[in-house]
Amino acid sequence: MLIPLVLGLSVVALAVAVGLARWVLKQDNGTPEMRRISDAIQEGAGAFLRRQYRTIFTLSVFLAALIFVLYAFFRSPHPGEPPATTMAFWTTLSFVFGALCSGIAGLIGMFVAVRANIRTASAARSSLNRALQIALRGGAVSGLFVVAMSLLGVGGLYTIVHAFAVVPPERIPLLIVGYGFGASFVALFAQLGGGIYTKAADVGADLVGKVEAGIPEDDPRNPAVIADLVGDNVGDCAGRGADLFESTAAENIGAMILGAGLAAANPTAFGGLAMLGVILFPLVVRAFGLIASIIGILIVRSREDEDPMHALNRGYMATALLAAAGFTGGTWWLLNPVTAPHAWWHFALCGVIGIATSIAFVYITQYYTEYRYRPVQSIAAASVTGPATNIIAGFAVAMECTALPTFAIGAAIIASYKIGVSSGLEHAGLFGTAVATMGMLGTAAYILAMDTFGPITDNAGGVIEMSHQPEDIRRRTDRLDAVGNTTKALTKGYAIGSAALAAFLLFSAYLDEVRALGSPLAAVDISKPEVFVGGLLGAMLVFWFSALAIGAVTRAAVSVIKEVRRQFQADPGILKGTSKPDYGRAVDIVTVGALKEMVAPGLLAVGMPIAVGLFFKLFHVGAEAVAAFLMVGTIGGILVATMLNNGGGAWDNAKKFIETGQYGGKGGAPHKAAVVGDTVGDPFKDTAGPSLHVLIKLLSTVTLVLAPLFV
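Draft legend 1. Region of the structure containing the overall build of the protein. Scanning the protein for helices and strands turns up 22 helices and zero strands. The C-alpha radius of gyration computed for the protein amounts to 24 Å, which stays within 12% of the reference 27 Å derived for 711 residues, consistent with globular compactness. Across its three principal directions, the C-alpha atoms of the protein cover 80 × 50 × 45 Å. Looking at the 711 residues of the protein, the share that counts as buried comes to 65%. Within the protein, contacts between residues separated by at least 24 positions form 86% of all contacts whose residues are at least 6 apart in sequence. Total accessible area on the protein is roughly 23000 Å²; 68% of this is exposed by carbon and sulfur atoms. Positive and negative side-chain charges of the protein, numbering 48 and 47 respectively, have mean locations separated by a distance of 3 Å.

Draft legend 2. Broad picture of the side chain of Gln133. In this fold, Gln133 is placed in helix α4 (residues 128–164). The class for Gln133 is buried, based on a relative accessible area of 8%. Within the structure, the side chain of Gln133 is placed 3.1 Å from the backbone oxygen of Val300, a separation counted as a polar contact. The residues touching Gln133, leaving out its near neighbours within four places in the chain, are Trp23, Val300 and Arg301.

Draft legend 3. The packing of aromatic side chains, seen in detail. Taken as a whole, this structure holds 19 aromatic pairs when the rule is applied. Among the aromatic residues, those joined into a cluster by ring pairs are Phe95, Phe181, Phe185 and Phe189. Here the basic side chain of Arg115 rests over the ring of Phe111, its NZ or CZ set 3.8 Å away from the ring centre. Its end group placed over the ring of Trp23, Arg137 keeps NZ or CZ at 4.8 Å from the ring centre.

Draft legend 4. View of the packing of helix α3 (residues 84–123) against helix α6 (residues 178–213). Packing of α3 against α6 brings their axes to within 6 Å, and their N-to-C directions diverge by 40°. As judged from the angle between their axes, α3 and α6 are oblique. Crossing angle aside, the handedness with which α3 passes α6 is right-handed. Two secondary-structure elements touch here, α3 through Thr91, Ser94, Phe95, Phe97, Gly98, Ala99, Cys101, Ser102 and Gly103 and α6 through Gly178, Tyr179, Phe181, Gly182, Ala183, Phe185 and Val186. Taken together, the residues that form the contact of α3 with α6 break down as nine nonpolar, seven polar and no charged.

Draft legend 5. Here's a closer look at the pattern of salt bridges. All chains considered together, the criterion is met by 23 salt bridges. When the shortest N-O distance is used, the salt bridge between Arg36 and Glu33 registers 2.8 Å. Here the residue Arg36 and the residue Glu33 both occupy positions in helix α2 (residues 32–74), the gap between them amounting to three residues, near one helical turn. Owing to a relative accessible area of 29%, Glu33 belongs among the partly exposed residues under this scheme. Its salt-bridge partner being Lys199, residue Asp686 comes within 2.9 Å of it at the nearest N-O pair. Taken together, the positions of Asp686 in helix α22 (residues 669–710) and Lys199 in helix α6 put the pair 487 residues apart, joining distant regions of the chain. Neither residue differs from the other here; Asp686 and Lys199 are each classed as buried. What emerges from the salt-bridge pattern is a single network uniting Lys199, Asp202, Asp652, Lys655, Lys656, Asp678, Asp682, Lys685 and Asp686.

Draft legend 6. Representation of the packing of α4 against helix α15 (residues 444–466) within the structure. Relative to each other, α4 and α15 sit at 130°, their axes nearing to 7 Å. It follows that α4 is oblique to α15 by the angle criterion. Note on packing geometry: the crossing formed by α4 with α15 is right-handed. Along the contact surface, α4 presents Leu132, Ala135, Leu136, Gly138, Gly139, Ala140, Ser142, Gly143, Leu144, Val146 and Val147, while α15 presents Ala444, Ala445, Tyr446, Leu448, Ala449, Met450, Thr452, Phe453, Ile456 and Thr457. Of the residues belonging to the contact of α4 with α15, the class tally is 15 nonpolar, six polar and no charged.

Draft legend 7. Expanded view of helix α14 (residues 429–440). In a regular helix each residue adds 1.5 Å, so 12 residues correspond to 16 Å; α14 covers 17 Å between its end C-alpha atoms and thus fits that length. Counting buried positions along α14 gives 11 out of 12 residues, so the element sits mostly inside the fold. Every buried residue belonging to α14 is among Gly429, Phe431, Gly432, Thr433, Ala434, Val435, Ala436, Thr437, Met438, Gly439 and Met440, and all of these are buried. Those residues of α14 that are buried lie in contact with α7 (225–265), α8 (273–298), α9 (308–334), α10 (343–369), α13 (403–421) and α16 (471–516).

Draft legend 8. Geometry of the environment of Phe543. In this structure, Phe543 sits in helix α17 (residues 529–570). Measuring from C-alpha to C-alpha, the distance between Phe543 and Leu692 comes to 9.9 Å, with 149 residues separating the pair along the chain.

Draft legend 9. Highlighting a nonpolar patch on the surface. Taken together, the side chains of Phe68, Val69, Phe73, Phe74, Phe89 and Leu93 present a nonpolar region at the surface, about 590 Å² in accessible area. Looking at the nonpolar patch, the element that brings in the most residues is α2, giving four residues. On the basis of relative accessible area, Leu93 is assigned to the partly exposed category, the value being 33%.

Draft legend 10. Representation of the nonpolar core in the model. Formed by 257 residues in total, the largest nonpolar core has its most connected members in Phe431 and Tyr510. Top contributing element to this core by residue count: α7, with 21 residues.

Draft legend 11. Inspection of the environment of Ile279 at higher detail. Position of Ile279 relative to the elements: it lies in helix α8. Residue class for Ile279 comes out buried when judged on its relative accessible area of 0%. When the C-alpha positions of Ile279 and Thr703 are compared, they lie 21 Å apart, and in sequence the two are 424 residues distant.

Draft legend 12. Structural detail: the environment of Ala356. Relative to the assigned elements, Ala356 resides in helix α10. You can call Ala356 partly exposed: its relative accessible area is 40%. It is 12 Å that separates the C-alpha atoms of Ala356 and Ser416, two residues lying 60 residues apart in sequence.

Draft legend 13. Fine view of the side chain of Glu624. Within the secondary structure, Glu624 sits in helix α21 (residues 622–659). In this structure the side chain of Glu624 is engaged in a polar contact, spanning 2.8 Å, whose partner is the backbone nitrogen of Asp525. Beyond its immediate chain neighbours, meaning those up to four positions away, Glu624 contacts Leu521, Ala523, Val524, Asp525, Lys528 and Val531.

About the criteria used
Residues numbered from 1 in each chain as written. Predicted model: local features only at pLDDT ≥ 70, side-chain atom pairs only at ≥ 80, totals over all residues. Heavy atoms only, no water. Helix = DSSP H or I, 4+ residues; strand = E, 2+ residues; numbered from the N terminus. Rg over C-alpha atoms; globule rule 2.2 N^0.38 Å. Buried < 20%, exposed > 50% of the residue type's maximum accessible area, 1.4 Å probe, protein only. Contact = heavy atoms within 4.5 Å. Areas by Shrake-Rupley, 256 points an atom, 1.4 Å probe, with all protein chains shown as cover. Lys, Arg positive; Asp, Glu negative; His and termini not counted. Charge placed at Lys NZ, Arg CZ, Asp CG, Glu CD. Polar contact = N/O pair within 3.5 Å; in protein donor to acceptor, adjacent residues only side chain to side chain. Phe/Tyr/Trp six-rings, centres within 6.5 Å; stacked < 30°, edge-to-face > 60°. Lys NZ or Arg CZ within 6 Å of the ring centre and 35° of its normal. Axes fitted to C-alpha atoms, helices over the stretch in contact; angles between N-to-C directions. Parallel < 35°, antiparallel > 145°, perpendicular 65-115°, else oblique. Left-handed = near helix turned anticlockwise from the far one by under 90°. Nonpolar A, V, L, I, M, F, W, Y, C, P; charged D, E, K, R; others polar. Salt bridge = Lys/Arg side-chain N within 4 Å of Asp/Glu carboxyl O. Expected span 1.5 Å × (residues − 1). Patch = residues over 30% accessible without salt bridge, like charges linked within 9 Å, V, L, I, M, F, W, Y side chains within 5 Å. Core = buried A, V, L, I, M, F, W, Y, C linked by side-chain atoms within 4.5 Å.

Rendered as structure tokens:
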């Protein structure tokens, strides 16, 4: 009954997503000039994604073959397992299925997003509310597809393995953990490639266009402007979609592993069918969260004179309340054994803690990235004395903003663990943290809809600017664009918060798997030199990976800058407005550069935990060294990602604050200093920071999949 319920609600969510897509595509698509610009964005995004997914497909095939060989021929057999080739087949199949589902979800979301921009722009000519609804519902297609495909993938794979009776039901989550690894692998390259693309184009367009040539943002005379608009989609739509897809997939499987452990520790409470209820609980409540998100999305509407952010916040709060109700119902239904009659409301409270943590992250991120508050205003004030003080002030804010999220994560983990312990069930503390993680991801579909809303409204503003629409229409799209910048920043904060809780959950699942493989780790002893070095390598990976990602933006941006300068010099008529720039060449240069540059950091992220585990296995501490690598790398990744995300967002909005007329407004020396600071923050917030979300969870999933090799 539970699996049909999960699969059925997932299909309902997909049907709603298709209905929203059809509704969006029926809206007016503007004037011929607007369509010409929108078509160029669609063409550029499509070309990039085709090339990117060909590269990812090639790398995925190679890695799938490597996983099969490692499982079939190099891992030691463990008691109670099926034959090595059977384990290799199902693990590899799970990996391929996870990668495939992630790719499909991202591509479908992108298909609608790049067509929603012109319809949002056209609606903005007459109604702010209509434009808001089109942008949010266009983004909701991506959000609903991502979460529903994640559920369908995990639920479907569980059903298939159960039907073949390969392993007992409580062992199935460990067998299909490759699904999370496949999703993480695709997410890493999708986020890296999209992030490098969007920031290389953005940096090139800003430095040569706004700073050197003194022309406005999204000016049609800038050869890199179409590449910049394409980048908003491939970075923020496809990249973030893949990010949250793997968050939900990995968290679902990790929570199922801990659920199986809880059932095994309490056989009298969860015997027979009740055991399946505990294992499948994460999928059930995730499905309830999907329904909550659908309702939240459909009720969003705004008055014409209202701040659009207020309307989005109302929808989010409604989604959070409905998700909390779903959690309460799910725990009463599935986590309510006779032997522990109070357990259900303890776990319901853990879920509410997760939801409250997500809300806290939304508001903490708003505080550090909106120009209504002190941090951003302090950066704007520092711009008066030049780019150097702008960068110093911005970096100080970036480092400061790690404190409040850390307190929020720490409080959530400790509170949910203690409440789980007090539930009356054995070994329920870790499952309490798992339920809190489920709560935080319960609103994932709505959050992703708000994230994709950002690039849709950004593109809509670009279409209005480049098609020379009246100033009052541009003011409407500017209002939506400003909200979109905030929602993109909020989603990054939400993503890192969910990554932190999910990483703790997956670390616990790793310890459970190592215990099941016959090498229990009661603690990770960093007083052992090898284990300490494993942790040190985990922290180092975060910085090395970030350096490669930021350096990749620099190298790709240099090629864009050279091309824009070349076009301006070769044809002076471009800046005069008498001739048109070659947008296609700039798009192609960024595409080639981004795909070339994404490979090295991606392979480093996948290869490093494998190398650490196999090397320290020679010293008979492979599993423990990997645990230290994973634990310290996760902590470092959470803090550095928070610093990069919020710091970059603060720099961006400090520039926008000055553009509202503060400190002399556009064109003045403070504005130019703020543009430099924004350019520094661009690869922080849109390339390295979001890629670290994925790295954190990739480290967890790759160690879960390959744990048998390290024991």
